[in-house]
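# Observations on the three-dimensional arrangement
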There are 2 protein chains.
Amino acid sequence: MVAVGFVGLGDMGSRMVPHLLRANHRVSVFDVVPGRIDAMTALGAVGADSPAAAARDADVVISAVMSADIPGAHLGEGGILAGMRPGAALAVLSTTTPAMLQSLASQMPAGVHLVDAPLIGGVRYASEAALTVLLAGSDDATALAEPILDAFGQVVRVGPLGSGVAYKLITNVVVMAAEAGLREALDLADVLGASYQTTLDLLARGPMAAVVKRALDRDNPRALRDSAVDFDVLLAAGGEDNLPISAAGRRRLWAATEATSPPPVFVDLTSHATALPRFRNEPGRGQAGEPGLHGE
Amino acid sequence: MVAVGFVGLGDMGSRMVPHLLRANHRVSVFDVVPGRIDAMTALGAVGADSPAAAARDADVVISAVMSADIPGAHLGEGGILAGMRPGAALAVLSTTTPAMLQSLASQMPAGVHLVDAPLIGGVRYASEAALTVLLAGSDDATALAEPILDAFGQVVRVGPLGSGVAYKLITNVVVMAAEAGLREALDLADVLGASYQTTLDLLARGPMAAVVKRALDRDNPRALRDSAVDFDVLLAAGGEDNLPISAAGRRRLWAATEATSPPPVFVDLTSHATALPRFRNEPGRGQAGEPGLHGE
């Protein structure tokens, strides 16, 4: 049994804590939303009233917050770093920039180890303990974290501190280009007066089948805004000039996010509600089962 | 036995004609490159000295030329249309614009049927008769063409004339965003000083596995310039304003095409020769088996 602190009980974290409990670890949890803590204590976790409290006495602390929330969760009086004891390890699972990791590294208390361990796979994979964990850091630090992170799926060691998020961002470029490209394909369907359903059926026959399946998988939802935010992190790390396809994808995902209220989950990228504004209000276009091309 | 004319014996056409010969059709072939005709007559096809001659007496004419070559192959004295007899059908397999199809339709001789039948799948699929053919046109026209096109894989009827190329372009958006996104992921690897090999290994674990596998499949090569040209056709049909991700992808693929001489086949998109200019001449970066991230 290891004492684990877990901060960030969102879509991913809330599905990961149960695996730690099943492995008989003692898990102390914190989230800014109290209801999320209650859901975990009902399963056997111990609630904490701050990130520092969740980190106190832990051998390994796991943080799974959004990139923008990293400073708030880790720094200051109530932050994770303030609670950690020498010899313990902190694993940051967030999709963030190498620069953010380095900034955190420069503020670590003496004797506390830091690894980055971003995740590949969505909530379905988190539920099924089938994530790929990109573990990065010194040998000492990764040796402490790996037996715990192992509960979430397969751990792949990729290099020194920061290389986890680097490879996560790099692989995100392709995944997100494909996801945003799916929205752009449906935009072209609107331009040409074609059917969304036929488009998705045809895409499911080719090399993009896995991408379409994932986009339509209601057991693997993802807030569209989270995908847009991930694009922001990607561009912050790589630069717009270097990543013009991602920059265009980011703009399209933000437009889709802002097109509907509440913002759609990712699966709804395939709905007409996220179309370009001039097509959005044309009834009968872009509907599943629509007859097909017009004007022939 | 049906009399078939076949014009355009490039990467795809040269792999499709043998299936027609095996089905015991009489196949009359033409290409602007004489050696390509010889390769097919060696298998039992009949050589013709113009597109019109290949089309003469044919029940079904198939054209598989690049979009830009459609006017030259089809129009004028020696063009396909000039050779066709009433009651015959012309199937255009090119990835072209709906507008080009409509232009061709407006110039068809009386009584000659036109379908569009673009292909999903690369040369590996053409060799294995495993293409998906998106067949579009009137009932009469598709009925004439389908038994012949059937030799190339699975025929899917998608709607009226022009809808074949429309759906081909629509599905191309996602496929090409993913392919150009793969190049952009490697660009980010260069920015962050990461390894191409690790990047490709990690991508092969996720939903993009099929895309990576296809990009690395040396039995399914594709001239990078052809992919760039397909982007040109896509943007011509859909408009840059509607398709900003594709527009960025097109620019990146043309940059990659022009970075090396001769232009690389698609598989080489994963090589350092197609990197952004400022990284291209840095020895040791972006090489397979490279140690990994720098500066930790």
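Use the structure listed above.
Parameters and conventions
Residues numbered from 1 in each chain as written. Chains lettered and ligands numbered in written order. Predicted model: local features only at pLDDT ≥ 70, side-chain atom pairs only at ≥ 80, totals over all residues. Heavy atoms only, no water. Helix = DSSP H or I, 4+ residues; strand = E, 2+ residues; numbered from the N terminus. Rg over C-alpha atoms; globule rule 2.2 N^0.38 Å. Buried < 20%, exposed > 50% of the residue type's maximum accessible area, 1.4 Å probe, protein only. Contact = heavy atoms within 4.5 Å. Areas by Shrake-Rupley, 256 points an atom, 1.4 Å probe, with all protein chains shown as cover. Lys, Arg positive; Asp, Glu negative; His and termini not counted. Charge placed at Lys NZ, Arg CZ, Asp CG, Glu CD. Salt bridge = Lys/Arg side-chain N within 4 Å of Asp/Glu carboxyl O. Expected span 1.5 Å × (residues − 1). Bend = angle between axes of the 7 residues up to and from the residue.

## Focus: the overall build of chain A
In terms of regular secondary structure, chain A is built from 14 helices and nine strands. Computed over its C-alpha atoms, the radius of gyration of chain A comes to 21 Å, within 12% of the 19 Å expected for a compact globule of 296 residues. Reported as C-alpha extents along the three principal axes, the dimensions of chain A are approximately 70 × 45 × 30 Å. Out of the 296 residues in chain A, the part that is buried amounts to 58%. Restricting to contacts in chain A with at least 6 residues of sequence separation, those with at least 24 account for 62%. Here chain A displays about 10,900 Å² of accessible surface, and carbon together with sulfur accounts for 52% of that area. Across chain A, 22 positive and 31 negative side-chain charges occur, with their mean positions spaced 3 Å apart.

## A short note on the pattern of salt bridges
Throughout the structure, instances matching the rule amount to 28 salt bridges over all chains. Between A:R36 and A:D31 there is a salt bridge, and its shortest N-O distance comes to 3.3 Å. Exposure remark for A:R36: the relative accessible area of 37% places this residue in the partly exposed category. The partner of B:D190 in a salt bridge is B:R183, with the nearest N and O atoms 3.9 Å apart. Taking the relative accessible area as the measure of exposure, B:D190 reaches 0% and is therefore buried. By relative accessible area, B:R183 is classed as buried at 0%. Each of the salt bridges in this network shares a partner with another, and the network as a whole consists of A:R124, A:E128, A:D217 and A:D219.

## Here we look at the environment of B:A89
Residues and elements named next belong to chain B. On the secondary structure map, A89 appears in strand β5 (residues 89-92). Given the relative accessible area of 0%, A89 is considered buried. On a C-alpha basis, the gap between A89 and G8 in space is 17 Å, while along the polypeptide they are 81 residues apart.

## So, helix α9 (residues 163-192) of chain B
All names here are of chain B. When the terminal C-alpha atoms of α9 are compared, their 43 Å separation across 30 residues agrees well with the 44 Å that a helix rising 1.5 Å per residue should span. Maximal helix bending in α9 amounts to about 30°, located at V173. Of all 30 residues making up α9, 29 are buried, and the element is well covered by its neighbours. Of the residues flanking the end of α9, it is G193, one or two places downstream, whose phi is positive at about 70°.

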